[in-house]
Amino acid sequence: VYGNRTDQDQVKTYHNSTAGAVYCNGGTGNNISGCVGDRRGYVLDTIGTDVNNTTRFNVGEFRNALTYGFDVFNDKVSTFDSRGNSNITTPGGERTVSGGFGQLKSNLSTWLEVVSAIRYDRYDLDSNAVSTGGDRFSPKITVGVTPVAGFTPYVSYAEGYRAPSITETLISGAHATGGGPAFFACPDGTTGLFCFLPNPNLRPEVGKNKEAGVNLKYDNVFIAADSFRGKFNVFRNDVTDYIDAVAFGLTPVPPFGSFNKWYQYQNIAQARIEGLEGETMYDAGLWYLGVS
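In this text the structure is predicted, and so the values were computed from the model without any measurement.

*Asks:* Got a minute to help me understand the nonpolar core in this structure?
*Replies:* One recurring pattern in soluble globular proteins is that nonpolar side chains are buried together. Counting nine residues, the largest nonpolar core is built from Val97, Tyr123, Leu125, Val130, Tyr161, Ala163, Ile166, Leu170 and Val206. Mapped by element, the contributors of at least two residues to this core are strand S7 (112-126) and helix H2 (166-170). Ala174, Phe183, Phe184 and Val253 belong to the second largest nonpolar core, which has eight residues in total.

*Asks:* Before we go on, may I ask you to explain the side chain of Arg95 in this structure?
*Replies:* Within the secondary structure, Arg95 sits in strand S6 (residues 93-108). Residues contacting Arg95, with those up to four places away along its chain left out, are Phe73, Asn74, Asp75, Asp124, Leu125, Ala163, Pro164, Ser165 and Ile166.

*Asks:* Mind showing me how you'd approach the packing of aromatic side chains here?
*Replies:* A ring pair, where both rings are aromatic, is described by two values, the distance of the centres and the angle of the planes. Counted under the stated rule, the structure contains nine aromatic pairs. Ring geometry for Phe222 versus Tyr282: centroids 5.8 Å apart, planes at 65°, classification edge-to-face. Remark: Tyr282 occurs in strand S16 (residues 257-283) and Phe222 occurs in the loop between strand S14 (205-219) and strand S15 (227-253); sequence separation between them is 60 residues. Among the residues examined, Tyr282 registers a relative accessible area of 13% and is labelled buried. Connected via pairs of aromatic rings, a cluster forms that spans Phe194, Phe196, Tyr263 and Tyr265.

*Asks:* Would you take a moment to explain the pattern of salt bridges for this structure?
*Replies:* If the charged atoms of two oppositely charged side chains come close together, the side chains can form a pair. Taken as a whole and judged by the stated rule, the model has 14 salt bridges. Ionic pairing is found between Asp45 and Arg5, a salt bridge with its closest N-O pair at 2.6 Å. Of this pair, Asp45 sits in strand S4 (residues 39-59) while Arg5 sits in strand S1 (residues 2-11), placing them 40 residues apart in sequence. For the salt bridge of Arg236 with Glu274, the shortest nitrogen-to-oxygen distance reads 2.9 Å. Taken together, the residues Arg236 in strand S15 and Glu274 in strand S16 connect sequence positions 38 residues apart.

*Asks:* Is there a simple way to explain the layout of surface pockets in this structure?
*Replies:* Picture a little ball the size of a water molecule; that probe, rolled over the atoms, points out where space is still empty. Computed from the structure, the largest pocket encloses a volume of approximately 210 Å³. Contributing to the lining of the largest pocket are 17 residues, with Asn107, Glu113, Gly144, Thr146 and Thr152 lying nearest its centre. Counting residues per element, the ones that place at least two in the lining of the largest pocket are S7, strand S8 (131-145) and strand S9 (151-162). Here the residues of the lining of the largest pocket sort into seven nonpolar, eight polar and two charged.

*Asks:* What is the right way to look at the state of the cysteines in this model?
*Replies:* Put plainly, two cysteines are in a disulfide when a covalent bond ties their sulfur atoms together. Inspection of every chain in the model, using the stated rule, returns one disulfide. There is a disulfide in this structure between Cys186 and Cys195, and the S-S distance comes to 2.0 Å. With the S-S dihedral at roughly -90°, the linkage between Cys186 and Cys195 falls on the left-handed side. Note on accessibility: Cys186 and Cys195 belong to one class, buried.

*Asks:* Explain the pairing of S4 here, please?
*Replies:* Each regular strand shows side chains that alternate between the opposite faces of the sheet. Bridging between S1 and S4 involves 10 bridges; their strand directions are antiparallel. Opposite Asp7, over in S4, you have Val43 as the bridge partner. Sheet topology places S4 next to strand S5 (residues 62-81); 20 bridges connect them, and they run antiparallel. When the bridges of S5 are listed, Thr46 appears paired with Asp75. Adjacent in sequence and paired antiparallel, S4 and S5 are bridged by two residues, among which Gly60 carries a positive phi angle near 60°.

*Asks:* Teacher, can you tell me more about the pairing of S7 here?
*Replies:* Across 15 bridges, S6 lies against S7 in antiparallel orientation. Among the inter-strand pairings, Gly102 is bridged to a residue of S7, identified as Ile118. Counted along the chain from S6 to the antiparallel partner S7, the turn is three residues long, and its residue Ser109 has a positive phi close to 50°. The sheet contact formed by S7 and S8 spans 15 bridges and is antiparallel. Bridging across to S8, Ser116 finds its partner in Ile141. The antiparallel hairpin formed by S7 and S8 contains four residues in its connecting segment.

Calculation criteria
- Each chain carries its own residue numbering, running from 1 in the written order of its sequence.
- Only residues with pLDDT of 70 or above have their local features reported here, since the model is predicted, and side-chain atom pairs are shown and tallied only from 80 upward, although totals for entire chains, interfaces and linings are computed over all residues.
- The basis for every side-chain value is the complete set of non-hydrogen atoms in the structure, without hydrogens or water.
- Take the buried residues of types Ala, Val, Leu, Ile, Met, Phe, Trp, Tyr and Cys, join any two whose side-chain atoms come within 4.5 Å, and each joined set is a nonpolar core.
- Only protein chains enter the accessibility calculation, which uses a 1.4 Å probe; a residue whose area is less than 20% of its type maximum is buried, one above 50% is exposed, and one in between is partly exposed.
- Runs of E in the DSSP output that reach at least two residues are strands. Runs of H or I that reach at least four are helices, and both are numbered from the N terminus.
- Residue contacts follow a heavy-atom distance rule, with two residues in contact if any of their heavy atoms lie within 4.5 Å.
- A pair of Phe, Tyr and Trp rings is counted when the ring centres sit within 6.5 Å of each other, with Trp represented by its six-membered ring. The angle between the planes then sorts it: under 30 degrees is stacked, over 60 is edge-to-face, the rest tilted.
- The salt bridge criterion pairs a side-chain nitrogen of Lys or Arg with a carboxyl oxygen of Asp or Glu, the two atoms within 4 Å.
- Points on a 1 Å grid over protein atoms alone make up a cavity when a 1.4 Å probe fits among them but cannot get out, and a pocket when they form an open set with protein on both sides within 12 Å along at least five of seven lines; lining residues each have an atom within 4 Å of a point.
- Grid points are joined across faces, edges and corners, and a volume is the space filled by probe spheres set on the points.
- For this classification, the nonpolar set comprises Ala, Val, Leu, Ile, Met, Phe, Trp, Tyr, Cys and Pro, the charged set comprises Asp, Glu, Lys and Arg, and every other residue, Gly included, is treated as polar.
- Whenever a pair of cysteine sulfur atoms sits within 2.5 Å, that pair is classed as a disulfide.
- A pair of strands counts as paired when DSSP detects no fewer than two bridges linking them.

Pasting the structure below:
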């Protein structure tokens, strides 16, 4: 069981431009960070719990480890900004994320390991204006073989679920100009360079990751009791409903040109993240060296 509070208080003490004099009625500042003497603050409270257990048993020649559990956490965000822009760019709200899982790892002798798992995820997100949520089951399976001691190639398929954040869902209002001209008036009455739009229909990301690689594990390589560990893999993660910031609504703003009026976090139908990874570690006891 855990709890965490991040409480940040700020006071504006200096401004190096005279452009904000009118904005502050003779003081110094701008409409992003406020005027000298203004205060702002952010509070994030998180509470949560994580429970899991492993049961070990044999079935025939298979050694099995069944791990199961659940986790849940709650985020509460509140912001205060007397005259700046932080209430818009860092909105307040509440999010609860929870899930449960079961994983079975089965080993046959020293040459075969199979890991299969299922996880259930759920989230609920609320503010004064928006209430949304969702849930999903995500599977995973990994198969590794060890034809010779220390050398284990493997393949894996796993699905993942990422709930949208409070900011991605709730951000709303004008992006401040920093002292320059305001290009657009936004629906909430604020004016600025462009308008953030909330998206209560923002859907979670669902990733489907394919991975292949090899794990290396050798002891007593050069001297007694030393060890070498390595892992190399390639992966391709195809993400449905990938969350990205999208600018749209190109509008003429004479005499400055044309600019996008709207800025919103939206779901991109398909995205692909792919690459390769490598990690090594040699430990001689007195010293060690890792490269990744």
